[in-house]
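Per-entry structural report
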Amino acid sequence: MSETPVKVVVDLSKPKGQRESIIELTKAEIKEQTAMAAEAETQRIADEAAQAEAAATRQAGLDKLIALGLTEAEALALTR
Amino acid sequence: MTMTLIETITVGSGGAASIEFTGIPQDGKDLLVLLSARANTVQALWMQLNGSNSDFSGLRLTGTGSSVIATTETVQVGFINRSSSTANTFGNAAIYISNYASSTAKSISTDSVNENNDTSALQNINATIWDNTAAITSLLVEPQSGASYPFLEHTTASLYTIS
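Bear in mind the structure is a predicted one, so any value in this text is a computation, not a measurement.

Let's shift gears to the overall build of chain A. In terms of regular secondary structure, chain A is built from 2 helices and 2 strands. Of the regular secondary structure in chain A, the N- to C-terminal order runs β-β-α-α. Its C-alpha atoms give chain A a radius of gyration of 26 Å, clearly above 12 Å, the size a compact globule of 80 residues would have. Dimensions of chain A, computed from C-alpha atoms along their principal axes, come out at roughly 75 × 30 × 20 Å. Each of the 80 residues in chain A was classed as buried or not, and the buried ones make up 11%.

Rendered as structure tokens:
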């Protein structure tokens, strides 16, 4: 890897063979990308936690229905 | 229908934080990007249109190999391979953008996989809208944190117009 990250820019308005440029990212671009990635990671963790909580709540409900005497198939049918 | 290859780019030995097509010709109806990619550490694939990461909203459905995830997304349009994936393999993504030169919101559909010889291998579909009326003149794809975790060498991106 090079010291400074680079981006590949392909200018399609130019003739073939002259289109590709390899350009170093500016400090502002690096900062923006890093901030966006951190934000996305925070969101991903929150989404996964919310999905896990929803799955746990659903399972707890199923368990209670089964404890009341329903079969698993009957309990699942009620939740669909 | 005519599918025209506009350009194919292969990332060189230094890697690349992103691949951007600019000056996209406006004579097509739809755009298709085919990506064969591997990134360092991260596997989420992001997109920008006309230099913007705003106005995106979408839905994602992912099979992980052991579970299913359905969630909302913005700029994330798929998954690619990362450095922990099976050696020398690359993920694939196809990004289809309808009516890219129009003055209406753009609909984007993506399917992607990350190839991995393990239980955990993602299969993914995204439905995204770019709620912007500007004609698309540039398109950028990047790993989630390309500045830190760039596309690796041999990653390729091809841009097609469909007319």
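Moving on, we come to the sheet that holds strand β12 (residues 139-143) of chain B. Within a sheet, each strand pairs with its neighbour through backbone hydrogen bonds, oriented either parallel or antiparallel. The 6 strands are arranged β2(A)-β1(A)-β2(B)-β12(B)-β4(B)-β7(B) in an open sheet whose pairing can be described as mixed. Bordering the open sheet on either side are β2 (20-24) of chain A together with β7 (76-79) of chain B, each of which pairs with just one other strand. Looking at each pair of strands side by side, their axes are set apart by 20° on average, direction ignored. Relative to β12(B), strand β4 (residues 44-49) of chain B runs antiparallel, the two sharing 5 bridges. Paired with B:Trp46 across the bridge in β12(B) is B:Glu142.

Of all 6 residues making up strand β1 (residues 6-11) of chain A, 5 are buried, and the element is well covered by its neighbours. Looking at chain direction, β1(A) and β2(A) are connected through 5 bridges and run antiparallel. Of the residues in β2(A), the one forming a bridge with A:Val8 is A:Ile22. In this sheet, strand β2 (residues 18-22) of chain B lies alongside β1(A) in parallel orientation, the contact comprising 5 bridges. Bridge pairing in β2(B) links A:Val8 to B:Ile19.

Quick look at the interface of chain A and chain B now. Facing 22 residues of chain A, the contacting portion of chain B comprises 24 residues. Looking at the side of chain A that touches chain B, the elements that each hand over two or more residues are β1 and α1 (27-67) of chain A. Residue contributions to the side of chain A that touches chain B peak at 8 residues, all from α1(A). For the side of chain A that touches chain B, the residue count by class is 11 nonpolar, 5 polar and 6 charged.

To continue, consider the confidence of the model for chain B. Residue and element names in this part refer to chain B. Considering every residue of chain B, the mean pLDDT works out to 94; 100% of them sit at 70 or more. Ranking the elements of chain B by mean pLDDT puts strand β6 (residues 68-73) last with 88 and strand β13 (residues 156-162) first with 98. At the level of chain-chain contacts, confidence expressed as ipTM amounts to 0.89, with global pTM at 0.84.

Another point: the nonpolar core. Grouped together as the largest cluster of nonpolar side chains are 47 residues, with contacts concentrated most on B:Val33, B:Leu45, B:Met47 and B:Val141. At the level of secondary structure, the elements contributing two or more residues to this core comprise β1 of chain A together with β2, β3 (30-39), β4, β7, β9 (91-97), β12 and β13 of chain B. Beyond its immediate stretch of four places on either side in the chain, B:Val33 contacts B:Ile95, B:Leu139, B:Val141, B:Ala157 and B:Leu159.

We now examine the confidence of the model for chain A. Counting all residues, the mean pLDDT for chain A is 88, and 98% of those residues have values of 70 or more. Mean pLDDT across the secondary structure elements of chain A bottoms out at α1(A), with 86, and peaks at β1(A), with 96.

Conventions we followed
Counting of residues starts from 1 at the beginning of each chain's written sequence and follows it residue by residue. For naming, the first written chain is A and the first written ligand is 1, with later ones following in the order written. Only residues with pLDDT of at least 70 get local features here, since the model is predicted, and only at 80 or more are side-chain atom pairs given and counted; chain-wide, interface and lining totals rely on the full set of residues. Starting at the N terminus, helices and strands are each numbered in turn, a helix being any DSSP run of H or I of at least four residues and a strand any DSSP run of E of at least two. Only C-alpha atoms enter the radius of gyration, while the globule expectation follows 2.2 Å times N to the 0.38, with N the number of residues. Put plainly, a residue is buried at 20 or more neighbouring C-beta atoms within 10 Å of its own, exposed at 12 or fewer, and partly exposed in between, counting only other residues' C-beta atoms, which are placed from the backbone. Here, a strand pair is defined by DSSP locating no fewer than two bridges between the strands. Simply put, an axis is a line fit to the C-alpha atoms, just over the touching stretch for a helix, and the angle between two N-to-C directions goes from 0 to 180 degrees. Residues are scored as being in contact if the C-beta atoms we place from backbone atoms lie within 7 Å. Under the scheme applied here, ten amino acids are nonpolar (Ala, Val, Leu, Ile, Met, Phe, Trp, Tyr, Cys and Pro), four are charged (Asp, Glu, Lys and Arg), and all others, including Gly, are polar. Known as pLDDT, the predictor's confidence for each residue is given on a scale from 0 to 100. Note on terminology: a nonpolar core is any set of buried Ala, Val, Leu, Ile, Met, Phe, Trp, Tyr and Cys residues joined through C-beta atoms within 7 Å.

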